[in-house]
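So you can see what is in the structure, the chains are spelled out below.
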Amino acid sequence: MSRDLHHGGALDLMRERFPDVTAPWIDLSTGINPWPYPDTDITPESLANLPTEAECLACRDAMARAIGAPKEAVVLAPGSELLIRLLPEIINPRTVAVLSPTYGDHHAVWRRAGVEVIETANPLDLADDVEAIVICNPNNPDGRIFSLEALEETRAQLARRGGWLIVDEAYGDLNPAQSLASLGGSDGLIILRSFGKFFGLAGLRLGALIAPEDIRTTMMAHLGFWPVSGAALEIGIRAYADLDWQAKIRTELSEALARLKTLLLAGSLDPVGSTQLFHYAKVEDAHSVWQHLAQHGIYVRRFDWSDCHLRIGLPANPEEEARLAAALSLSV
């Protein structure tokens, strides 16, 4: 599979594939905040020394306060991607229902582990039939949201049978009211969190597992002594404590999303789902539109399982908005 079909962010691949593009590339493929948390200075000690337990706990506690999770239920990790890949080593279900469409690695890791995977648009309906259910909430790529009531009911059903509800909240910081974090540590519930998307610092590699004690203990054994860098801990402590910045950026992201929707509609793309970081748009012959945009140096997310959908992230400034509008006007 072409790397751009599996993940966004493959700008090196795009430059190789479209060598005639001379304008600076605009990467709208990743669903990452284009206005990252600005206070990223770090002390020399965070690079020179191994992270201390006190620093790890301080970052954990700052995250827990910001997302409303019990601090003792949180385990820090170098991003949520590694946690996704380790889950088959932590729990051993025979059958897993995975939301479809959703982030592709959720299907892939369980299949590689030899688990029977049921892809379905309604995984919560299978709580009496499978040992684990995996969803993203809000979902990537279509922005679908599951109610907290439905998720808690499903968790309880699964827990009674020794099963697991696995909720990937990579975009959970966008709207904390939609998060299950306050139930962290409950039986049958595993939550995955990501720092990079909302805070716009994906390269820092910071995330978390929120789970019952036995799952946390096993995961920590897999992660080892220093899973998160000192730089990530230092910036994470600061960013999670900065509630004013978080509130301000949520407003700015919502405003930018509204501008993007207007722009897409004018370009004959129909936004049919979203988070504050991207629109999931329906368009006739999506792969041709993807190709056309790429030829203009604009990289959006396409999918191998759909020829009528694209996911388009937020342009970072008026110039990028203007280039996207102009390119779409030429494709109509």
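Source: prediction; values computed, not measured.

Caption draft 1: Up close: the packing of helix α5 (residues 80–90) against helix α6 (residues 105–112). The N-to-C vectors of α5 and α6 enclose an angle of 30 degrees; their axes lie 8 Å apart at closest approach. One finds that α5 runs roughly parallel with respect to α6. Remark: the crossing between α5 and α6 carries right-handed chirality. In this structure, α5 uses E81, I84, R85, L87 and P88 to contact α6, whose residues at the interface are D105, H106, V109, W110 and R112. For the contact of α5 with α6, a count of residues per class yields 5 nonpolar, 1 polar and 4 charged.

Caption draft 2: View of the layout of surface pockets. Approximately 320 Å³ is the volume attributed to the second largest pocket. Lining the second largest pocket are 14 residues, with C56, L57, V75, L76 and M220 sitting closest to its centre. Those elements giving two or more residues to the lining of the second largest pocket turn out to be α4 (53–67), β2 (74–77) and α9 (213–223). Classifying every residue of the lining of the second largest pocket by side-chain character gives 9 nonpolar, 1 polar and 4 charged.

Caption draft 3: Quick peek at α5. Burial of α5 is extensive: 8 of the 11 residues sit out of reach of the surface. By the burial criterion, the buried members of α5 are S80, E81, L83, I84, L86, L87, P88 and I90. For α5, the secondary structure elements touched by its buried residues are β2, α6, β6 (164–169), β7 (189–194), β8 (207–210) and α9.

Caption draft 4: How the structure looks around the nonpolar core. Membership of the largest hydrophobic core comes to 79 residues, with the highest contact counts inside it found for I133, L165, L310, I312 and L324. By residue number, the principal contributor to this core is helix α11 (residues 243–266), which donates 8 residues. With 27 residues, the next largest nonpolar core counts Y103, W110, V115 and I190 among its residues.

Rules used throughout
- Residues numbered from 1 in each chain as written.
- Predicted model: local features only at pLDDT ≥ 70, side-chain atom pairs only at ≥ 80, totals over all residues.
- Heavy atoms only, no water.
- Axes fitted to C-alpha atoms, helices over the stretch in contact; angles between N-to-C directions.
- Helix = DSSP H or I, 4+ residues; strand = E, 2+ residues; numbered from the N terminus.
- Parallel < 35°, antiparallel > 145°, perpendicular 65-115°, else oblique.
- Left-handed = near helix turned anticlockwise from the far one by under 90°.
- Contact = heavy atoms within 4.5 Å.
- Nonpolar A, V, L, I, M, F, W, Y, C, P; charged D, E, K, R; others polar.
- 1 Å grid on protein atoms, 1.4 Å probe; cavity = no way out; pocket = protein on both sides within 12 Å on 5 of 7 lines; lining within 4 Å.
- Points joined across faces, edges and corners; volume = space filled by probe spheres on them.
- Buried < 20%, exposed > 50% of the residue type's maximum accessible area, 1.4 Å probe, protein only.
- Core = buried A, V, L, I, M, F, W, Y, C linked by side-chain atoms within 4.5 Å.

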